[in-house]
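Chain by chain, the residues:
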Amino acid sequence: MKRVLPAAIAMAAGFLVLVDFFFDNLYLNALGVTLINWVVIIAAFALILGFLNILTFHLRKIFQRQEGWPYSIALLVVAGTVLFGGLTSAQGYRAPLVRTVFDYVQTPLQASLFSLLAFYIASAGYRAFRARNFETFLLVVACLVVLVGQAPLARYLWEQLPALKDWVLEVPSTAGARGIVIGVALGSLATGVRVLVGFDRPYSE
Amino acid sequence: MVSSNEGLQGWEQEEVLEGVEEDPEWLRELGAPADEVRGAAEEEVPDEETTPGLEGLEGLVEEPREKEGLLAGITGVLRVESIFAISHRIGEVAFSPPAGADQVARFEGVLSQPLAPVAAKEQPRARMTGVISWLSYLILAAAVVGGILLAGGSIDLPLTQATADFYRTIESLEEGSVALLSHDYDPGTAAEITPQVSAILDHLMQRGVKIVNLSLTPEGQALADRALESVVSDHEGYIRGRDYVNLGYVAGNEVGARFIAESLGPRLSPYPLGERVGGLEDVDLIVVLAGSQEHLRRWVEQVQAPYKVAMVAGVSAQVDPAARPYYRSGQLKGLLSGLVGAAEYERVNQHPGVALSRMLPQAAAHLVIALFILLGNFAYLVDRLRGRG
């Protein structure tokens, strides 16, 4: 019963939403929408569970004085501040306290972290991005064409460079990306069918 | 010897024994038959017996530690001499250098070769790598700062087809049409996408389009607020709730997109705009602002394909290759890619903004990185020609 009941519920829900996708029926549509609404509510509660999980994990880390425990204090203080600011204000996430933390802590930190990529790419470009054989030579050439072609001054270097960049993006790159998209779609389809017929049971793991 | 092979299959034991019996030619030349040497060794070192009177002393006896050569620092190394020396039981014969002694001497010579020069070569190379890294950081920083300081002049950007299509799609919206903007990015990609959002919002408000904003990422709701605040101030008469709303974060990822498609009307009902929009069928255009390809795929798969709503996308440059198949197939009516896309849009909309002013520093950074790649490959080529690559 422990194995059969969750599988039956999951399969029934999956089939309902799938059938709703293909047929325009009032009752089916109402059922499908209800199930979708449930998922959104459950996902929102999962965020609360996630927060509680983080809370217990870092509290344990602090009490047991595990490596890096002062960082856990910083994390909990900021999380608590944002939660307090949001819950005690009618403005919710627009509350001044939440906004301050977002504008002056989260945004600059995330932006800085992402900006560092440019420096690592510059260093890696010199040290590792080498034309060791024909395939890597093509890769280096394509990279240079797109990198320089993307710059607004590219056409002053060579008039046809922006057009060549567009060709690289439109033809070989899109062909590769399309192959990946189709592959992902087929994989998703296969996974979906396996879950629907009960071969895979991610919900009971 | 045989006891150590217990547990092996019959054919495996045969193979092992065959291997043991085949002594190398130079060992056979020493004169002592292999069987005799093996037998003597087995007599002298009993398997699990301790010499009488020495019980408990095993751990106290320290074996000599190698002081030089490849085995430096290792204890318990069997001395080469003890293997090849003639057994003392044959000692009545007058001593003469055994056959194969020259091989022994050569083997010891190999072992005692110093290791130091190899390590010494590695150190300057590692130091050089560190210097190159720091130099590249400095040059890149200088290029970006120089680009920012010099920015201000007008840059004539060529307009790509994808951007032109995006512009035409919004230009075709009539006054009072409804556009749904999904802000699916975070502060990491905001530097690229926020200028796009500002340019798009500005154009939509010029056209008098009603705007519904939401986000499938938690950070997107706050970023959408910032963008709306900065653009609305230039468009008097645009009122929150009546002309534009921000529904905030919708949880559930893929299901969140479907949820909006199915339940947009009820979500908008508390606002005056809800009187105009009863559901997705009243939305004329969906604008997806995606910082990752998953966010874009969600909207295309869950909303565009089943509901056939017109859709355009503004994406970070890294998402561009994944977004192009959807643009080429016609599922996306237009595509803005990265900061360059935003700058092109500002130019075509004749409303220069932050994206156009950032073109010069970005171009400088691109050129510097391209230069590093060329230099790296040149250095590699030189190394190969010298036979070191």
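Residues numbered from 1 in each chain as written. Chains lettered and ligands numbered in written order. Predicted model: local features only at pLDDT ≥ 70, side-chain atom pairs only at ≥ 80, totals over all residues.

(A) Summary view of the domain arrangement of chain A. When cut into domains, chain A gives domain 1 (1–66), domain 2 (68–128) and domain 3 (131–196). Look at where the C-alpha atoms of domain 1 of chain A and domain 3 of chain A centre, and you get two points 36 Å apart. (Domains from an automatic or database assignment.)

(B) A look at the pairing of strand β5 (residues 311–315) of chain B. Residues and elements named next belong to chain B. β5 sits mainly inside the fold: 5 of its 5 residues count as buried. What you see with β5 is no split at all: Met-311, Ala-313 and Val-315 on one side and Val-312 and Gly-314 on the other are buried throughout. In the sheet, strand β4 (residues 285–290) pairs with β5 via 5 bridges, with the strands oriented parallel. Bridged to Val-288 within β5 is Ala-313. Once the chain exits β4 it traverses helix α11 (residues 293–307) before rejoining the sheet at β5, and the crossover so formed is right-handed. (Buried ≥ 20, exposed ≤ 12 C-beta atoms within 10 Å, placed from the backbone. Helix = DSSP H or I, 4+ residues; strand = E, 2+ residues; numbered from the N terminus. Pairing = 2+ DSSP bridges. Right-handed = clockwise from strand over helix to strand, strands pointing away.)

(C) Region of the structure containing the pairing of β4(B). Residue and element names in this part refer to chain B. Burial runs high along β4: 6 of the 6 residues are buried. Of the two faces of β4, the one carrying Leu-285, Val-287 and Leu-289 and the one carrying Ile-286, Val-288 and Ala-290 are both buried. Across 6 bridges, the pairing between strand β1 (residues 178–184) and β4 is parallel. Bridging from a neighbouring strand, Leu-181 pairs with Val-287 of β4.

(D) Fine view of the sheet that holds strand β6 (residues 335–337) of chain B. All names here are of chain B. Pairing is parallel in the open sheet, where 6 strands are placed in the order β3-β2-β1-β4-β5-β6. Where the open sheet ends on each side, the last strands, each with one partner, are β3 (244–249) and β6. Looking at each pair of strands side by side, their axes are set apart by 15° on average, direction ignored. (Axes fitted to C-alpha atoms, helices over the stretch in contact; angles between N-to-C directions.)

(E) Region of interest: the nonpolar core. Residue and element names in this part refer to chain B. Membership of the largest hydrophobic core comes to 98 residues, with the highest contact counts inside it found for Ile-286, Val-287, Val-288, Leu-296, Ala-313 and Ala-323. When residues in this core are grouped by element, the largest group, 10 residues, is from helix α15 (residues 359–385). Look past the residues within four positions of Ala-323 in its chain and what remains in contact with it is Leu-296, Ala-313, Val-315, Leu-332 and Leu-335. (Core = buried A, V, L, I, M, F, W, Y, C linked by C-beta atoms within 7 Å. Contact = placed C-beta atoms within 7 Å.)

(F) The arrangement of the packing of helix α8 (residues 187–206) of chain B against helix α9 (residues 220–232) of chain B in detail. Residues and elements named next belong to chain B. Interhelical geometry of α8 versus α9 gives an angle of 45° and a closest axis separation of 9 Å. Judged by the inter-axis angle, α8 sits oblique to α9. Crossing hand, α8 versus α9: right-handed. Together, Ala-190, Thr-194, Val-197, Ser-198, Leu-201, Asp-202 and Met-205 of α8 and Leu-223, Ala-227, Leu-228, Ser-230 and Val-231 of α9 make up the contact between the two elements. (Parallel < 35°, antiparallel > 145°, perpendicular 65-115°, else oblique. Left-handed = near helix turned anticlockwise from the far one by under 90°.)

(G) Highlighting the environment of Asp103(A). Within the secondary structure, Asp103(A) sits in helix α4 (residues 96–127). For the pair Asp103(A) and Leu47(A), spaced 56 residues apart in sequence, the C-alpha to C-alpha distance is 22 Å.

(H) Structural view of the packing of helix α1 (residues 4–22) of chain A against helix α2 (residues 26–63) of chain A. Residue and element names in this part refer to chain A. At a minimum axis distance of 9 Å, the contact between α1 and α2 shows a crossing angle of 125°. Our classification of the angle between α1 and α2 gives oblique. As for how α1 packs across α2, the hand of that crossing is left-handed. Residues Ala-13, Leu-16, Val-17, Val-19 and Asp-20 of α1 touch α2, and the partners they reach there are Leu-28, Asn-29, Leu-31, Gly-32 and Leu-35. Class assignment for the residues of the contact of α1 with α2 results in 7 nonpolar, 2 polar and 1 charged. (Nonpolar A, V, L, I, M, F, W, Y, C, P; charged D, E, K, R; others polar.)

(I) Fine view of the interface of chain A and chain B. Listed per partner, the contact involves 48 residues of chain A and 51 residues of chain B. In terms of residues, the side of chain A that touches chain B owes the most to one element, α4(A), which gives 15 residues. The residue makeup of the side of chain A that touches chain B, split by class, is 32 nonpolar, 9 polar and 7 charged.

(J) Main features of α2(A). Across its 38 residues, α2(A) extends 56 Å between first and last C-alpha, which sits within 8% of the 56 Å expected from 1.5 Å per residue. If you check which residues of α2(A) are buried, you get Gly32(A), Ile36(A) and His58(A). Here the buried face of α2(A) lies against α1 and α3 (69–87) of chain A together with α10 (254–268) of chain B. Phi turns positive one or two residues past the end of α2(A), at Arg65(A), with a value near 50°. (Expected span 1.5 Å × (residues − 1).)

(K) Quick peek at unusual backbone geometry. Residue and element names in this part refer to chain B. Here Asn-253, not a glycine, exhibits a phi torsion of approximately 50°, which is positive. Within the secondary structure, Asn-253 is located in the loop between β3 and α10. Despite not being glycine, Lys-308 shows a phi value in the positive range, around 55°. As for its position among the elements, Lys-308 is in the loop between α11 and β5. Classification of Lys-308 by C-beta neighbours within 10 Å gives exposed; the count is 9.

(L) Looking closely at the confidence of the model for chain A. Model confidence for chain A is summarised by a mean pLDDT of 90, while 99% of its residues fall at 70 or above. Averaged pLDDT values over the elements of chain A bottom out at 79 in helix α6 (residues 154–157) of chain A and peak at 94 in α3(A). (pLDDT = per-residue confidence, 0-100.)

(M) Representation of the environment of Gln196(B). Residue and element names in this part refer to chain B. As for its placement among the helices and strands, Gln-196 is situated in helix α8. Considered as a pair, Gln-196 and Ser-292 are 96 residues apart in the sequence and their alpha carbons are 15 Å apart. The residues touching Gln-196, leaving out its near neighbours within four places in the chain, are Leu-289, Gly-314, Leu-336, Gly-341, Ala-342 and Tyr-345.

(N) Geometry of helix α12 (residues 320–328) of chain B. The element α12(B) is largely enclosed, with a buried count of 8 among its 9 residues. Looking at α12(B), one finds that the buried residues are Asp320(B), Pro321(B), Ala322(B), Ala323(B), Arg324(B), Pro325(B), Tyr326(B) and Tyr327(B). As for α12(B), its buried residues are in contact with α7 (161–196) of chain A together with α7 (161–171), α11, β5, β6 and α13 (338–348) of chain B. After α12(B) finishes, the residue Gly330(B) shows a positive phi value of roughly 90°.

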